[in-house]
Structure formats: structure tokens, C-alpha cells
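Tertiary structure, described
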Amino acid sequence: MSRLLLISVGIVMCAVVGFSVWHWGIKASVDDPEPLGPIEPKPSVLAPPKAEGPLLFRDVTSSTGVNFTYRTGEDAEQFTILETLGGGVVLIDFDRDGLLDIFLTGGGTFAGPKKTEIKGLPCKLYRNLGDWKFQDVTLSLGLDGIAFYSHGGSVADFDRDGWPDLLVTGYKKLVLFRNTANPEGGRRFVDVTEQLGLKDESWSTSAAFADANGDGYPDLYVCHYVDWSFDNHPHCPGGLPGVKTQVCQPQKFKPLVHAFFWNEGGKKFRDATAEQKFEAVGCGLGVVAADLNDDGKPDFYVGNDATNNQLYWNRGGRLEERGLTSGVALNDEGRYDGSMGVDVGDFDGSGRPSMWVTNFQGDLHALYQNLGREVFQHRSRFTGIAALGQHYVGFGTGFVDLDQDGWEDLVIANGHVLQHPVLSATYRQRPVLMHNQERNGRRYFVDISSRGGPFFDTATLGRGLAIGDLDNDGWPDLVFSHSNSPVALMRNTGGESSPNRWLGLHLTGKGNRCLVGSTVKIQAANRKITRFLKGGGSYLSNNDSRQLIGLGQDSGRVSVTVQWSWGATETWAGLEAGSYWKLTEGASVAGLPVK
Amino acid sequence: MNMLTRKRVLLGIASILAIGLIVLFVLLGNAQGDRLLTEARSAVEQREFEMALNILDPLVNSNTGDTEALLLAAQTARRANAYARAAKFLRSYEQNGGAREEVRNEERRAKAQTGDKEAAEELMRDCEQEPGAPSNFLSLEAIVQGLVPFLDSIVAAGGRASEGPELQWILGALDALLMVPMGTADRAEALYCSGKIHHIASRHSRGVGELRQALELAPHHFEARRALALAIAQASPAEARIHLEILAQQRPGDGPTLYSLALVHRALGDTADAGKIMDELLLARPEDVQYLVERALIELDAGRPIESEALLRRAANHAPNNREVLLALSKALRIQNRPAEADQFLKRCVELDAQSKRKMESIKPKSK
């Protein structure tokens with residue numbers, strides 16, 4: 001009896017246990033998806049990566065006396081393409097006191113009842129008093145009358161009198177100022193544009209001086225942009241939520257033909273645009289002149305917005321455009337970029353000049369490695385440039401050895417042209433420092449902006465940028481121009497903590513001959529360094545014309561060989577690091593170090 | 001105990017056992033039905049729709065009158081895009097006395113989910129009239145799901161969603177969906193949809209933010225991670241690489257993921273890693289022009305123009321007028337110091353550009 005009862009209970013229990021097993025079996029299969037491994041931490045998209053090392057720059061603007069803002073006229077809400085370009089920074093030692101002075105273009109505004117009258121705003125020249133103090137000398141130098149909507153500037157001793165002259169570009173006007181003695185003492189700039197026949201009523205942006213025909217006088221290449229005017233001012237819708245109007249893209253307009261002028265003995269500029277067979281195919285924004293094929297003659301590389309970039313090989317004064325066949329007209333996907341700033345440098349230690357271009361959002365900034373034989377290869381991916389992302393709109397730029405380790409780094413001023421850009425781009429953008437490092441046996445650029453100090457973590461509308469040693473301490477300083485916010489002076493403080501050594505060179509040709517196209521080769525104890533004498537470069541700006549060469553920790557004296565653009569070669573040996581040396585053509589002994 | 005008494009006792013025990021078993025089976029049957037429904041709901045909550053349907057199928061087959069199970073099965077099948085199956089369940093639900101209103105709503109949801117704008121607008125109006133209704137989630141989800149293919153087609157065409165009332169309506173639906181209470185998996189899915197659509201609709205920051213939130217809730221959400229990787233690739237290729245590597249682990253051998261990963265490796269200068277991936281992809285599709293070109297560009301980056309040329313010539317056999325192939329071939333030949341051959345390919349490319357330009361100009365509307 002009890003056995004039977006036990007059997008009955010057993011059956012019921014088995015049913016319950018079986019049910020439970022079945023029940024929990026299904027539940028487990030619902031609750032436990034197959035594990036897929038840990039999820040990696042996600043870095044932020046836009047914050048600059050943290051770089052190791054001491055700070056390289058200190059923003060010294062507020063104590064220098066330089067207080068100036070380039071104005072675009074944006075507040076008139078006309079949304080013109082004119083207001084997108086911004087202004088440049090021109091470093092010029094106008095009084096030859098050994099200290100670089102700063103010329104800044106002023107831009108313009110839109111006046112009148114309909115706000116369609118284009119008015120220029122004053123430019124400024126600040127004299128460098130030393131010890132990071134500057135004085136506004138615009139009026140006394142005769143530069144207070146610049147009344148057009150200005151953009152950029154360039155420097156050359158066009159008449160070879162030994163004094164640097166100043167060219168100012170802008171909307172439908174180009175002005176050349178001769179640096180002359182002021183009867184009342186000091187110097188004075190005199191407008192000689194008309195007197196020299198330098199007629200250019202197009203929209204000029206960047207310009208480069210270089211002696212293209214070997215007569216010793218600097219000729220002139222002028223970039224022109226597009227055919228915009230208030231008579232050709234279409235409405236361009238914003239295309240973003242709440243944005244009714246945006247500035248039109250350059251593709252809405254026709255590119256203007258660039259200009260080339262022969263300098264005839266410093267007495268006249270003759271328009272040779274037709275002679276050079278230039279065509280209206282590029283919206284020109286940046287130009288650099290240097291000897292790019294080692295034939296001693298300066299060639300010209302032009303950065304065009306939304307059109308093919310151009311490379312003019314100098315065939316004895318005839319400029320032959322070969323951008324496409326040389327591999328520098330397009331990016332590595334075969335498309336043109338929206339190019340702005342340009343420069344030339346030997347980033348890979350090959351002794352050959354490679355080309356560097358800052359571009360628009362969605363493009364990679366382009367590094368074209370010089371392979372020799374007039375062939376270049378787009379190397380932005382291979383060299384780490386692409387890791388920066390494509391959300392920047394780069395303008396002023398340049399190769400610069402930030403830490404004097406002997407390898408040229410890169411600096412970029414960024415800022416969008418659209419107030420409401422698409423994707424992750426912002427209107428104001430931080431400037432960028434990229435360090436040239438060794439990685440797996442090749443050169444690789446790494447974003448070290450966090451070592452630039454707070455300025456490099458601040459979003460601005462960066463445009464012009466000039467590189468130069470403003471305090472002659474042997475460490476390259478930077479001057480940034482911004483649209484509608486003040487110019488910034490960044491003092492390089494690398495020398496305070498770095499053991500790296502440097503050498504400064506101030507080269508002079510006989511009879512103040514134009515040096516653009518010359519090449520400088522430095523032989524230190526353990527390495528060779530090559531630098532190129534350039535005209536133009538960056539964006540709307542003009543750099544220090546002296547050569548500042550980082551030697552790393554290489555000890556001992558160095559020898560310098562200059563391959564002059566006119567063919568002669570000279571060597572100076574036994575130069576000590578830590579000083580600027582004056583090397584004059586034909587003088588076998590280097591001048592005393594410049595203090 | 002005599003025989004008769006013994007027989008009676010045994011009969012009694014047998015009767016008790018039989019009744020007990022019957023009661024047990026009835027109880028088990030009901031419990032199993034409840035359990036299955038609970039399990040199905042749990043699977044649905046985790047958006048494991050196929051699993052839920054596998055649970056619901058035997059339940060509705062054994063108890064055809066269970067309208068609750070039938071409605072859940074219909075909704076689940078629709079959410080799994082199994083529309084025929086959903087319709088079958090819904091018919092059965094209706095035949096067994098299911099609420100007519102539910103049938104109508106579910107039919108409209110199916111239409112909205114397949115892109116029927118009228119049905120979507122009707123559902124939206126209902127949601128607006130009764131904002132707190134528990135069924136709003138299902139309706140809004142169906143509306144949003146129906147929008148995704150439309151927006152995908154815009155992206156596939158290389159465009160972006162243009163501003164206007166239509167887009168505002170879409171974004172309104174997304175906002176309404178995100179306001180409704182829902183489980184974690186549903187929220188992750190809703191954030192993924194919203195993030196993707198906001199990205200397409202030029203609301204990049206919000207889009208990326210929502211995709212990140214979706215991944216926080218559901219780290220294994222493949223599509224959300226892929227959408228995030230693609231959305232940030234331009235600004236942050238290094239972070240995009242991290243996401244693509246995770247995706248490649250999740251779905252080994254997934255062609256589009258591996259190809260995107262190879263591109264981002266090359267963008268970061270890691271030609272060796274990029275090359276390995278492309279080799280793997282080319283094993284599966286050895287004559288794929290896109291793959292051949294990418295592999296060739298990697299060789300070019302790595303300083304091997306001869307190998308690059310060989311790959312490009314293979315690509316050119318399949319696509320003799322492909323601009324990218326011609327340009328890359330021209331580059332590879334020029335680097336090898338073969339300018340005459342390089343010029344031929346460049347010339348062909350320039351001719352193609354000119355043809356394309358002429359074609360574009362011919363289809364432009366003529367101004368008076």
C-alpha cells in the first residue's frame with residue numbers, strides 16, 4: 001500500500017522535475033546570448049590626442065602691443081564668398097634692424113543702404129622693438145592709405161636696393177610699396193604700382209616672387225580667385241536645419257586667370273600672363289616658388305580651390321604646367337581638392353622638396369612626396385596625415401622644425417568658411433601641430449597639438465599664418481591671423497627645456513640678387529639636412545626669409561653648401577650652432593654671428 | 001483485509017492517482033501555456049523575434065483559441081518583417097474573436113512598416129490623440145522602421161535628406177518614439193534608428209550621440225556600431241578602426257566590414273594590415289575590380305609599383321574605362337619611370353572626363 005503511494009508520488013515528482021528542467025532550459029537559451037568579447041573604450045572624436053613632451057608655445061599676444069583684427073564684413077549678412085578668404089600675416093624686417101616686423105592686412109566691410117558697397121579697412125604694420133614689444137608704425141610708414149578690401153601680402157626686394165618691399169593683394173586691387181628712405185628719418189613705403197605698370201584689377205589672393213628668367217630680379221606670380229561680385233551674387237540655400245542662406249561654393253563661379261609679371265630691372269613690371277599661356281582654370285588661393293626639380297630654377301606650385309592644382313616647371317623662363325603628369329594636381333582618389341595653403345619641404349630627408357597642401361573639409365591635407373624625375377606621389381595616408389581626420393578646413397600652413405630635431409614638422413591654421421558646416425566639422429576649429437617622427441623605418445606625422453598650449457586647443461577662424469623667429473632665439477615662432485578675432489603671437493618656448501641645437505642662416509646674393517630657387521645643404525656630424533629658399537608659401541602670408549635649421553643633439557661645427565639658383569655653389573665650413581650666420585655670395589668667410 | 005476491501009482500496013488509489021495525474025496534466029498544460037507566453041514575451045523584449053516565434057508557434061498550434069498568444073505572434077512576426085506569417089496569425093486572431101481594433105491597428109502597422117505613408121500618418125495621428133496609450137510604441141516603431149529603407153536609398157544615391165515638411169515629420173516620429181517607455185533592447189534599437197536618420201538628415205552631432213547611446217545599451221548591436229563607424233570615419237579614422245575591428249570579430253568574414261577596415265587601415269598608414277585583409281577578400285572574389293584597385297593602391301603606398309601595376313592590369317581587363325583604374329595605372333607606371341605608357345592611361349582618363357563633362361552639359365536645362 002505504502003509502496004503504491006510512494007510510486008504515485010514518485011511519478012508526480014518526476015513530472016515536476018522534468019517540467020522544471022525543460023522550463024529552465026528554454027529560459028537559459030533566451031537570457032544568455034553568446035558572449036562576443038569585451039567592447040573597447042572609445043576615444044572622443046574631436047579632442048586633440050594627448051602628446052608627451054613639454055609645451056612648445058606660449059601665447060604672448062596680450063603683452064606685445066599687437067592688437068589687431070582682420071574684418072570680413074560677415075556682420076552685414078551678405079553671405080559673400082569674399083568674406084570667406086580672410087587675411088594674411090607678413091613678416092618683414094623693413095628697417096633691417098635684425099628684428100622681424102609684422103604687417104597685417106585689414107580686410108573690409110559692406111557699406112551703403114543695401115550693404116553692397118565693398119569698403120576696405122586699414123592694414124597695420126607693427127615694428128618689432130625687441131623683447132616681444134611691438135609698436136604700430138603704420139602711419140609713419142605711409143601704409144595708412146590702403147583703402148581696398150585686402151587679403152594678403154608678399155615681400156621681395158624687387159629693385160635690389162637691399163631693402164625689402166611689400167606687395168598687398170585684395171579684391172580687385174594689387175599694390176606694390178617700395179621701401180624707401182624717409183626724408184624725416186627712418187623708412188617709408190611708397191605706392192609704386194602704377195609707376196611700375198603693375199596693373200592687376202582682378203581678385204588677387206596669394207602671391208610669390210621668384211626670379212624665373214635668371215636676370216636676378218624677382219618676377220611675380222599672382223593667384224586670382226573667382227569672378228564673384230555683387231552683380232554675380234547668387235543665393236545659396238543652407239541645406240541644414242534652420243539655415244536659410246550659406247556662402248556659395250566656389251563652383252558657383254568661374255575661376256579667374258592668374259597673372260604673371262616680368263620684373264624688368266626693377267623699373268617696370270610687364271604682364272606676361274598671355275605669354276605664359278595661363279588659362280582660367282584654377283580658383284587660386286596659395287602659391288609657392290622653389291626649385292622643385294633640382295635644375296636650379298624656381299618652379300611654381302599653385303593651390304586652387306575646387307579645381308586642379310597646378311605645377312609650373314620653369315623651362316628657362318617659360319612656365320610649363322604639368323600638375324597632372326607630375327601627380328600633384330589631384331588627390332590619391334583622382335579628384336581635385338579644395339586647396340588653400342601650400343608649402344615645400346624635405347620631410348623625408350631625401351634632399352628633395354616635397355609639396356604640402358591644406359585642403360577643405362572632406363579632403364585629406366595633401367603631402368606629395370617628391371620621387372625625383374619630376375614625379376610626386378600622394379602620401380597623406382602613408383605618412384599619418386590622414387589620421388588627423390577630414391573635418392578641418394586648413395588655410396595658413398608651413399613646414400617648420402618645431403622642436404629643432406632636424407626634421408621639419410607641420411603647422412596648420414584651421415577654420416571653416418561655412419557658419420553651419422555638415423557632419424562633425426565646426427565653424428571655428430583648433431589649429432594643429434603635426435610632429436614628424438620615425439615609425440617603422442619611415443617618416444610619420446603625429447598630432448601633437450596638445451603640446452602647443454591652450455591656444456592649440458581653442459577653436460578659431462584661422463586663416464593667415466607666418467613662421468619666423470621673432471625674438472632671434474633660434475626657435476621658430478608663429479603668427480596667426482583670424483577672421484573677425486584678434487591676431488595671435490605664439491612664442492616658441494622649446495629652447496627653455498630642449499637640448500636640441502640650431503643654426504640660423506641669413507643669405508645674401510651679390511647685388512641683392514633674388515635667392516628664391518636656391519638650395520641649402522647642411523652637413524652636420526651625423527646627418528645632412530636640405531632646405532629650400534622659397535617665394536610665397538603658406539596662405540596670403542610671408543614667412544621669415546632666413547633659414548633656421550634644427551640640428552637635434554648633433555654636436556660639433558657644421559658646413560653649409562648653398563646651391564645658388566643661378567648655378568654657382570659655395571660652401572662655408574666650421575659654423576657653430578646656436579647663432580645666425582650671414583652668408584654672402586662670394587665672401588668665403590661667414591659673417592660674424594648676428595646677435 | 002479481505003479481497004473485496006483490498007480491491008476497493010486499490011481502485012481508490014488508482015482513482016486518486018488518475019485524478020491526480022489529470023489534475024497535474026491540466027495544471028501543467030495551463031502552466032506551460034503561461035510559461036510559453038512569458039518566455040515569448042521575454043524573447044520579444046530582447047528583440048529575439050525568431051526565438052519568440054519558435055516559442056509561440058507550438059503554443060498557438062496547440063491552443064488555437066489563445067487570442068493573446070495569437071496577437072503577440074502576429075506583432076512579433078511583423079516586427080521580424082515576416083509579413084505573410086504575421087497576416088496568418090492575425091487572421092487566426094480575428095477568427096477566434098480577437099478585437100477588431102487590434103486587427104486594424106496591426107494591419108496599419110504592417111503597411112507603415114513597409115513604407116505606406118498614409119498608414120503611417122494615420123497611426124501618428126492616433127498616437128498624438130492618445131499620447132499615453134501602451135500600443136503607441138508598436139505604432140511608432142513601425143512608422144520609423146518604414147522610414148529607414150527610404151533614407152537608406154538617399155544615402156546609397158550619395159545624397160543627404162533634404163530639409164522640408166517631410167523630414168520634419170520623420171524627425172517628429174523619432175522624437176515621439178524616444179518619448180515612449182520601452183525596454184532596453186527596444187530603446188537601443190530606437191536610438192540606432194534615430195541616430196542613423198539624424199546623421200542622414202545632417203543632424204550629425206545628435207546622430208552620433210544617439211548611436212553611441214545605442215551602443216552603451218546594446219554593445220553587440222552590429223548595425224549601430226557599423227553606422228557609428230561610418231559616421232565618424234571622416235573625423236576620426238582611428239576610432240572608426242576600433243569599431244570596425246570589433247565588428248570584424250562579431251562577424252568574421254563579413255565583406256563590407258572587412259573592406260571598410262582595410263580602407264581605414266590604409267588611411268592610417270598601416271599598409272601591412274590593410275594588405276592582409278584585402279588578400280583575404282580577394283581570395284573569395286579574385287577578380288573584383290574594387291578589391292583589385294584597393295589592393296593595388298596599398299602596393300603603391302608600400303612602394304611596390306610593379307605589384308600594383310599587375311593588379312591594376314587585372315582590374316583594367318574587367319573595367320577598361322574605369323577612371324580610378326586608369327589613374328592608378330598611370331601613377332604606377334610613372335613611378336616606374338615609364339612616362340610614355342603612363343601618359344597613355346592619363347590621356348584616356350582625361351578623355352573620359354571630357355566625355356562625362358559633355359554629357360553632363362547636354363542634360364543641363366538650357367537657360368533662355
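Fair warning: this is a prediction, and the values are worked out from it, not measured in the lab. (Residues numbered from 1 in each chain as written. Chains lettered and ligands numbered in written order. Predicted model: local features only at pLDDT ≥ 70, side-chain atom pairs only at ≥ 80, totals over all residues. Heavy atoms only, no water.)

Each helix and strand in chain A was counted, giving two helices and 40 strands. Principal axes of the C-alpha set define a box for chain A whose edges measure 135 × 65 × 50 Å. Buried positions account for 61% of the 595 residues belonging to chain A. Partitioning the contacts of chain A with sequence separation of at least 6, the portion at a separation of at least 24 is 61%. For chain A, the accessible area works out to roughly 22,200 Å², and carbon and sulfur atoms hold 52% of it. Averaging the coordinates of the 56 positive side-chain charges in chain A and doing the same for the 69 negative ones gives two points 2 Å apart. (Helix = DSSP H or I, 4+ residues; strand = E, 2+ residues; numbered from the N terminus. Buried < 20%, exposed > 50% of the residue type's maximum accessible area, 1.4 Å probe, protein only. Contact = heavy atoms within 4.5 Å. Areas by Shrake-Rupley, 256 points an atom, 1.4 Å probe, with all protein chains shown as cover. Lys, Arg positive; Asp, Glu negative; His and termini not counted. Charge placed at Lys NZ, Arg CZ, Asp CG, Glu CD.)

We now examine the sheet that holds strand β2 (residues 89–92) of chain A. All names here are of chain A. Reading across the sheet, the four strands line up as β2-β3-β6-β7 and stay open at both edges, with antiparallel pairing between neighbours. The two strands at the open ends of the sheet, each matched to only one other strand, are β2 and β7 (133–136). Direction aside, neighbouring strands of the sheet carry axes that sit 25° apart on average. (Pairing = 2+ DSSP bridges. Axes fitted to C-alpha atoms, helices over the stretch in contact; angles between N-to-C directions.)

Residue and element names in this part refer to chain A. If you trace the four strands from one edge of the open sheet to the other, you get β1-β32-β31-β30, paired in antiparallel fashion. Bordering the open sheet on either side are β1 (57–59) and β30 (462–468), each of which pairs with just one other strand. Averaged over all neighbouring strand pairs, the angle between strand axes comes to 25°, with direction disregarded. As defined by bridge partners, β30 adjoins strand β31 (residues 477–482) across five bridges and the pair is classed as antiparallel. Bridging across to β31, L465 finds its partner in F480.

Next up on the list: the nonpolar core. Within the largest apolar cluster, 85 residues are counted, with the highest numbers of intra-cluster contacts made by I143 and I197 of chain B. Among all residues touching I197 of chain B, those that are not within four sequence positions of it are V144, V148, L151, I170, L171 and L174 of chain B. Residues L85, V226, F395 and V417 of chain A belong to the second largest nonpolar core, which totals 25 residues. (Core = buried A, V, L, I, M, F, W, Y, C linked by side-chain atoms within 4.5 Å.)

Our focus in this paragraph is the confidence of the model for chain B. Residue and element names in this part refer to chain B. Here chain B shows a mean pLDDT of 89. Residues at 70 or above account for 92%. Considering each helix and strand of chain B separately, the mean pLDDT is smallest for helix α1 (residues 3–45), with a value of 75, and largest for helix α16 (residues 305–318), with 98. Interface predicted TM-score (ipTM) for the complex: 0.85; the corresponding pTM is 0.88. (pLDDT = per-residue confidence, 0-100.)

Here we come to helix α11 (residues 222–232) of chain B. In terms of residue burial, α11 of chain B counts as a mostly covered element, since eight of its 11 residues are buried. Every buried residue of α11 of chain B is listed here: F222, A224, R225, A227, L228, A229, A231 and I232 of chain B.

Time to look at the state of the cysteines. Considering all chains together, one arrives at one disulfide over all chains under this definition. Here C236 of chain A pairs with C248 of chain A through a disulfide, and the sulfurs are 1.9 Å apart. In this structure, the disulfide formed by C236 of chain A and C248 of chain A twists by about 100° around the S-S bond and is classed as right-handed. Of the two residues, C236 of chain A sits in strand β14 (residues 236–240) while C248 of chain A sits in the loop between β15 (243–246) and β16 (259–264), which places them 12 residues apart along the sequence. Pair check on accessibility: C236 of chain A and C248 of chain A agree, each one buried. Cysteine C123 of chain A shares no disulfide, and the gap to the nearest cysteine sulfur, in C223 of chain A, comes to 19 Å. Judged by its relative accessible area of 1%, C123 of chain A is buried. Of all cysteine sulfurs in the structure, the one in C193 of chain B sits closest to C127 of chain B, which takes part in no disulfide; the separation is 16 Å. On the basis of relative accessible area, C127 of chain B is assigned to the buried category, the value being 8%. (Disulfide = S-S within 2.5 Å.)

Attention shifts here to the packing of aromatic side chains. Aromatic ring pairs are defined here through the distance separating the ring centres and the angle between the ring planes. Residues and elements named next belong to chain A. Following the criterion strictly, the structure yields 27 aromatic pairs over all chains and no others. Taking 6.3 Å as the distance between ring centres and 50° as the angle between the ring planes, the aromatic pair formed by F94 and F189 counts as tilted. On the criterion of sequence distance, the pair formed by F94 in the loop between β2 and β3 (101–104) and F189 in strand β11 (residues 187–191) is long-range, its members being 95 residues apart. Note on accessibility: F94 and F189 belong to one class, buried. A ring pair is formed by Y221 and F278, whose centres lie 5.4 Å apart and whose planes are at 45°; its orientation type is tilted. Here Y221 is found in strand β13 (residues 219–224), whereas its partner F278 is found in the loop between β17 (268–271) and β18 (283–290), with 57 residues between them in sequence. As far as burial versus exposure is concerned, Y221 and F278 are alike and both buried. A connected cluster of aromatic rings, assembled from ring pairs, spans F110, Y149, Y171, W203, Y225, W228 and F230. The positively charged end of R439 is found above the aromatic ring belonging to Y444, 4.0 Å away from the centroid. (Phe/Tyr/Trp six-rings, centres within 6.5 Å; stacked < 30°, edge-to-face > 60°. Lys NZ or Arg CZ within 6 Å of the ring centre and 35° of its normal.)

Okay, the environment of H482 of chain A next. All names here are of chain A. Relative to the elements of secondary structure, H482 occurs in strand β31. Given a relative accessible area of 3%, H482 falls into the buried group. The sequence separation of H482 and A413 amounts to 69 residues, and the corresponding C-alpha distance is 8.8 Å. Excluding residues within four positions of it along the chain, H482 makes contact with Y70, F455, T460, L461, G462, V487 and A488.

Let's shift gears to the confidence of the model for chain A. Across chain A, the average pLDDT comes to 91, with 91% of residues at or above 70. Confidence over residues 16–45 of chain A falls short of pLDDT 50; this stretch has 41 contacts with residues more than four positions distant or in other chains.

Residue and element names in this part refer to chain B. With the rule as written, the count across this model stands at 59 salt bridges over all chains. For R78, the salt bridge goes to E106, with nearest N and O atoms at 2.3 Å. With a gap of 28 residues between them, R78 in helix α3 (residues 67–79) and E106 in helix α5 (residues 100–113) connect regions that are remote in the sequence. Of the two residues, R78 and E106, both sit in the buried class. Linking R266 and D301 is a salt bridge whose minimum nitrogen-to-oxygen distance equals 3.3 Å. (Salt bridge = Lys/Arg side-chain N within 4 Å of Asp/Glu carboxyl O.)

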